[in-house]
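Take a look at the letters that make up each chain.
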Amino acid sequence: MTNPISPAAAIKKFAVGQPVPRNEDPRLLRGKGLFTGDISLPNQLYGFMLRSPFAHGVIRALDTTAAGSVDGVRAVYTFADLKAAGYNPFPCGNLIKNHDGTDHESPARHALAGDKVKHVGEGLAFIVAESLDAARDGAEAVTFDIEPLPALIDPERALDADSPPIHQDARNLCLDWRFGDLEAVDAAVAGAAHVTRMRIPINRVIVAAMEPRAAMGEFDAARGRLTLHVTSQGVWGMRETLARRVMGLARDELRVLSHDIGGSFGMKSQQYPENLLVLHAARELGRPVKWVDDRSGSFLSDFQGRDMIADAALALDAEGDILAMRIDMIGNLGAYATPFGPYMPAANIPPNAASVYKTPLLAVTSRCVFTNTVPIAPYRGAGRPEGNYIMERLIETAARETGRDPVALRRRNLVPAEAIPFRAASDREYDSGDFPAVLADALAAADWSGFETRRKASQARGLLRGRAVTCYLEVTAGTGKEMGGIRFRADGRVTILTGSLDQGQGHATAFAQVVAGALGIPADRIDLVQGDSDELLTGGGTGGSKSIMSSGIALLAASDGVVEKGRRWAGHLLEAAEQDIAFSDGEFRVVGTDRAIPVLDLAARVAATTDGPSDLPDRLDHETVAETPPASFPNGCHICEVEIDPETGAVRIDRYAAVNDFGTLVNPMLVAGQTHGGIVQGVGQALMETAVYDADGQLLTGSFTDYALPRAADLPAFALQYHPVPATTNLLGVKGCGEAGTSGAIPTVINAVIDALAPLGVTDVPMPATPEAVWRAIRNAAPRQPGRRTAAQPSS
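Here the residue index of a chain counts from 1 through its sequence in written order. Side-chain atom pairs in this predicted model are given and counted only at pLDDT of 80 or more, local residue features only at pLDDT of at least 70, and totals for whole chains, interfaces and linings cover all residues. To obtain the side-chain values, all non-hydrogen atoms of the structure were used and water was disregarded.

Visitor: Mind showing me how you'd approach the overall build of the protein here?
Guide: Labels follow the DSSP assignment, with helices taken as runs of H or I lasting at least four residues and strands as runs of E lasting at least two, numbered in each case from the N terminus. When its secondary structure is counted, the protein shows 20 helices and 28 strands. C-alpha atoms define the radius of gyration in this analysis, and the globule rule sets the expected value at 2.2 Å times the number of residues to the power 0.38. Relative to the compact-globule value of 28 Å for 796 residues, the protein shows a C-alpha radius of gyration of 28 Å, a close match. The principal-axis extent of the C-alpha atoms belonging to the protein is close to 95 × 75 × 50 Å. Looking at the 796 residues of the protein, the share that counts as buried comes to 59%. Across the protein, every contact between residues at least 6 apart in sequence was considered, and the portion connecting residues at least 24 apart equals 80%. Each residue's exposure class comes from its accessible area (1.4 Å probe, protein chains only) as a fraction of the maximum for that residue type: buried when under 20%, exposed when over 50%, partly exposed otherwise. In what follows, a contact means two residues having at least one pair of non-hydrogen atoms within 4.5 Å.

Visitor: Would you take a moment to explain the environment of Leu300 for this structure?
Guide: Among the structural elements, Leu300 can be located in helix H9 (residues 295-301). Judged by relative accessible area, Leu300 falls into the partly exposed class, the value being 24%. Each C-alpha atom of the pair Leu300 and Phe583 lies 56 Å from the other, and the pair is 283 residues apart in sequence. Among residues more than four places away in sequence, those in contact with Leu300 are His119, Val120, Gly121, Val374 and Leu699.

Visitor: For this particular structure, what's the right way to read the nonpolar core?
Guide: Nonpolar side chains in soluble globular proteins generally cluster together in the buried interior. Counting 105 residues, the largest nonpolar core has Leu314, Ile327, Ile390, Tyr656 and Leu757 as the members making the most contacts within it. No other element matches helix H19 (residues 740-757), which puts nine residues into this core. If sequence neighbours within four positions are ignored, Leu757 has contacts with Leu464, Ile644, Val762, Val765, Val774 and Ile778. Ile548, Val562, Ala603 and Val666 belong to the second largest nonpolar core, which has 45 residues in total. Remark: nonpolar core denotes a set of buried residues (Ala, Val, Leu, Ile, Met, Phe, Trp, Tyr, Cys) joined through side-chain atoms within 4.5 Å.

Visitor: Help me understand the pattern of salt bridges in this model?
Guide: Any two side chains of opposite charge can pair, given that their charged atoms come close. Salt bridges are counted wherever a side-chain nitrogen of Lys or Arg sits within 4 Å of a carboxyl oxygen of Asp or Glu. A complete count under the given rule lists 58 salt bridges for this structure. One salt bridge connects Arg157 with Asp162, and the closest N-O pair in it is separated by 3.0 Å. In this structure Arg157 comes out as partly exposed when scored by relative accessible area, which is 34%. The class of Asp162 is exposed, set by a relative accessible area of 59%. In this structure, the salt-bridge partner of Arg326 is Asp328, at a minimum N-O distance of 3.1 Å. Bridged by salt links that share partners, the residues Asp447, Arg454, Arg461, Arg465, Glu641, Glu643, Arg652, Asp654 and Arg655 form one connected network.

Visitor: Could you clarify how one ought to interpret the sheet that holds strand S18 (residues 464-473) in this entry?
Guide: Note: strands within a sheet are paired through backbone hydrogen bonds, in either parallel or antiparallel orientation. Two strands are said to pair when DSSP picks up at least two bridges between them. The four strands lie next to each other as S18-S26-S27-S28, forming an open sheet whose pairing is mixed. Of all strands in the sheet, those bounded by a partner on one side alone are S18 and strand S28 (718-722). In this sheet, adjacent strand axes meet at a mean angle of 10 degrees when their direction is disregarded. Note that S18 and strand S26 (residues 635-644) share ten bridges and pair antiparallel. Residue pairing across strands places Leu473 opposite Asn635, the latter belonging to S26. Where helix H13 (residues 435-445) meets the sheet, its contacts fall on S18, S26, strand S27 (651-661) and S28, and the angle it forms with S26 comes to roughly 30 degrees. Helix axes are fitted to C-alpha atoms over the stretch in contact, other axes to C-alpha atoms as well, and angles between N-to-C directions run from 0 to 180 degrees.

Visitor: Can you walk me through the packing of aromatic side chains in this structure?
Guide: When we look at a pair of aromatic rings, we describe it by the centre distance and by the angle of the planes. Each pair of aromatic rings taken from Phe, Tyr and Trp, with Trp reduced to its six-membered ring, is defined by centres within 6.5 Å and is described as stacked if the planes are under 30 degrees apart, edge-to-face if over 60, and tilted in the remaining cases. Taken as a whole and judged by the stated rule, the model has eleven aromatic pairs. Where Trp177 meets Phe179, the ring centres are 6.3 Å apart and the plane angle is 15 degrees; that geometry is what we call stacked. A relative accessible area of 10% places Trp177 in the buried class. A network of ring pairs unites the aromatic residues Phe422, Tyr430, Phe435 and Phe633 as a single cluster. Two thresholds decide whether a charge sits over a ring: the Lys NZ or Arg CZ must be within 6 Å of the ring centre and within 35 degrees of the ring normal. Here the basic side chain of Arg213 rests over the ring of Tyr272, its NZ or CZ set 3.8 Å away from the ring centre. Over the ring of Trp236 we find Arg239; its NZ or CZ atom is 4.8 Å from the centre of that ring.

Visitor: Explain helix H7 (residues 235-247) to me, please; I cannot follow it from the model alone.
Guide: One full turn of an α-helix is made of 3.6 residues, so residues set three or four places apart face in the same direction. Looking only at H7, the buried set comprises Val235, Trp236, Met238, Arg239, Glu240, Leu242, Ala243, Val246 and Met247. Structurally, H7 contributes buried residues whose contacts are with strand S10 (225-230), strand S11 (254-257) and helix H8 (273-285). A positive phi of about 70 degrees marks Gly248, the residue just after H7.

Visitor: What am I meant to see in the pairing of S11 here?
Guide: A regular strand carries its side chains on alternate faces of the sheet. Relative to S11, S10 runs parallel, the two being bridged by four bridges. Residue pairing for S11: His229 is matched across the bridge by Leu257. The definition of a right-handed crossover adopted here requires that, viewed with the strands pointing away, the path from the first strand over the helix to the second runs clockwise. Crossover handedness for the path S10 to H7 to S11: right-handed.

Visitor: Could you clarify how one ought to interpret the sheet that holds strand S3 (residues 73-77) in this entry?
Guide: If you trace the seven strands from one edge of the open sheet to the other, you get S3-S5-S1-S12-S9-S10-S11, paired in mixed fashion. Of all strands in the sheet, those bounded by a partner on one side alone are S3 and S11. The sheet shows a mean angle of 20 degrees between the axes of neighbouring strands, direction not considered. Here S3 pairs with strand S5 (residues 123-129) via four bridges, running antiparallel. Following the sheet pairing, Ala75 is matched in S5 by Val128. Running at roughly 145 degrees to S11, H7 makes contact with S10 and S11 of the sheet. Against the sheet, H8 touches strand S1 (45-51), S3, S5, strand S9 (214-220), S10, S11 and strand S12 (289-292), its axis set at about 30 degrees to S9.

Visitor: Please clarify how H8 should be interpreted in this entry.
Guide: The length a helix should cover is 1.5 Å for every residue beyond the first. Its 13 residues give H8 an end-to-end C-alpha distance of 18 Å, which sits within 8% of 18 Å, the value for a rise of 1.5 Å per residue. Along H8, ten of the 13 residues are buried, which leaves the element largely enclosed by surrounding structure. Within H8, burial applies to Pro273, Glu274, Asn275, Leu276, Leu277, Val278, Leu279, His280, Ala281 and Ala282. Positive phi shows up at Gly286, right after H8, with a value of about 70 degrees.

Visitor: Honestly, the confidence of the model for the protein in this entry has me stumped. Any pointers?
Guide: It should be kept in mind that the predicted coordinates are not to be read in detail where pLDDT is low. pLDDT is a residue-level measure of predictor confidence that goes from 0 to 100. Chain-level pLDDT for the protein is 94 on average; 96% of the residues reach the 70-or-more range. In this model, residues 784-796 is a region of pLDDT below 50 whose contacts with residues beyond four sequence positions or in other chains number 22 contacts.

Visitor: What is the right way to read the packing of H7 against H8 from this model?
Guide: Their axes nearest at 11 Å, the elements H7 and H8 cross at an angle of 65 degrees. The chirality of how H7 crosses H8 is right-handed. Of the residues in H8, those in contact with Met238, Leu242, Val246 and Met247 of H7 are Asn275, Leu276, Leu279 and Arg283. We call a crossing left-handed when the near helix sits turned anticlockwise from the far one by less than a right angle, and right-handed when that turn is clockwise.

This is how it looks when you write it as structure tokens:
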């Protein structure tokens, strides 16, 4: 392939490695973005979802007669209507099997509830009306009789033999999975000099994307063709699933369009009921149907994240070398198995828990369980932060229990640079990296040696100060197929096409830099198309920190196709043999002469030629499907210092430094933005975010009044540095960065909190470490002595 990193490959300010500002920002900042909710079509109708107020119950009656008579209501759809239309349930995917080779449980998930409801917020009826207010009025007129059943919220309780099944056609145990040699690991643990054992709960979180989900369906009766405008993470996969597997349509009977996306973090990659319902209604009524969720509906229906329990053990020998690690997971899937739901607490744990350490033995078991809560789906990292969190809580606790320096214990167990390529206990081969150097750089960046002075200053103000260093390694999404396309336009601009989908990452800029490097075309003359299924040959969507690898490599392959066509045409026009044509710096040149033609000029001449040789292509445009590279291994080291007010339990992050190895940085500015966002979401989960259900399955944190998100005032400036060791498994040398900030931040913040509280005897604070949780931990661990008060002994 064309080398994209040649310093002479493009105008320098657009080259790979330059901090080029995002192309889309001026448009978005001026309010010129186009989100799905912004779209309005002539004669459109409005949809509203009536949701179950019960977490678990039998639907005894559902009467829509009165609702259909409400002024302005044009239709009310229930499960019976969808069944009559012949739609299939949403597919689960079955990406992983039980340890005995059998399929896991996959109970049917339909767009509307049939005989039972399984979680608060599950759809009962979809009302379509001339206005949203009329649709809401129609929903108020629907009457139903639901016989409540006991709700199962706790996944461990749902596993009990006497717990009733949530689904009639499935057990509560969805998946029973194993990895590694359990006997060998248990033997190593039994013979170890020291074993750290911990129960590590990982709290459920609300995704809370800035843009709520939305969908617009329209039907072209003349062509018999449906169009869906939808918030998503990839239109190709959305069309394939919805058309072929749910609606029974041919691929070309449905077009899917995604416009600007206001955040997703994995949540919008899934199929939701409203996608099907607006299409069904549009076809039935012959008018466009628009649905936009409100924030209350989002809390109850957007798939949620995390929610796992790990019982974990880390075994050390007398010198502090890690001998083995065992993790027994319980994953709360919620009411249904989404395609990646069972995968995250199972297969995504071993490769990420292995991290940067030379652990010789690793075993993981995972039991994934149905409960009467909102289903779980990918959320920024999708098992990667969880695996790293488990390892870093274990190694930090092991250091404290054995009296070892936490930095020294980590350094002792790091995979040395000279051992790479290294086959980890996860059975993944690390192709690149220098983990000890990353740790050293981070300690210097954080002024680790100056901590004691800062601790004393905090103590003088009556505050507790703690710090933590954590290492992480992620395994990005693996191989697949992705489209790369390049089209030369008559106006002199270039359109590039690929099947990933931007939700704020800056694809338009980064992908343009890759193509600019390969073809020598200024990046500001390159436009990106990725949200129209009609324009794609295939598409892997965005997820798993893989877009720059998959789309970047596909666009390089398309660039190679352009160069190959261009050489043939340049030979013809410059009257030289094809083998004498060289391409560099955006020009086709006859070797050894000054005869040359820029690629943009050549493309224009070819497009204008009507009588060219029959053996030459009509255009230089090229579209291809490329095999995406294998997973990469972004890694890094994060260091955090916190101050805690022992009187209130309030935690303040005072300093935060991170050194990351993301391989080649295509655009350092975009990488910094992705890292910042990942850290912030990690801080949110560690300190404030948690979805809380009561015993009846009611979501108690169902609005931003009750669910806290981090704000700018909660965070310091981040000191970010990079130690790039290019990946050897892809031509760009990139490793992916979209989720890494979260993987590093969660354990770093929690370990720093516990370090601050350690003098009081506190050894653990489950996430989130809210002021109340910290305040209670302080009081439970160190009751105040009468007549004395210090920073380490708060008043009652």
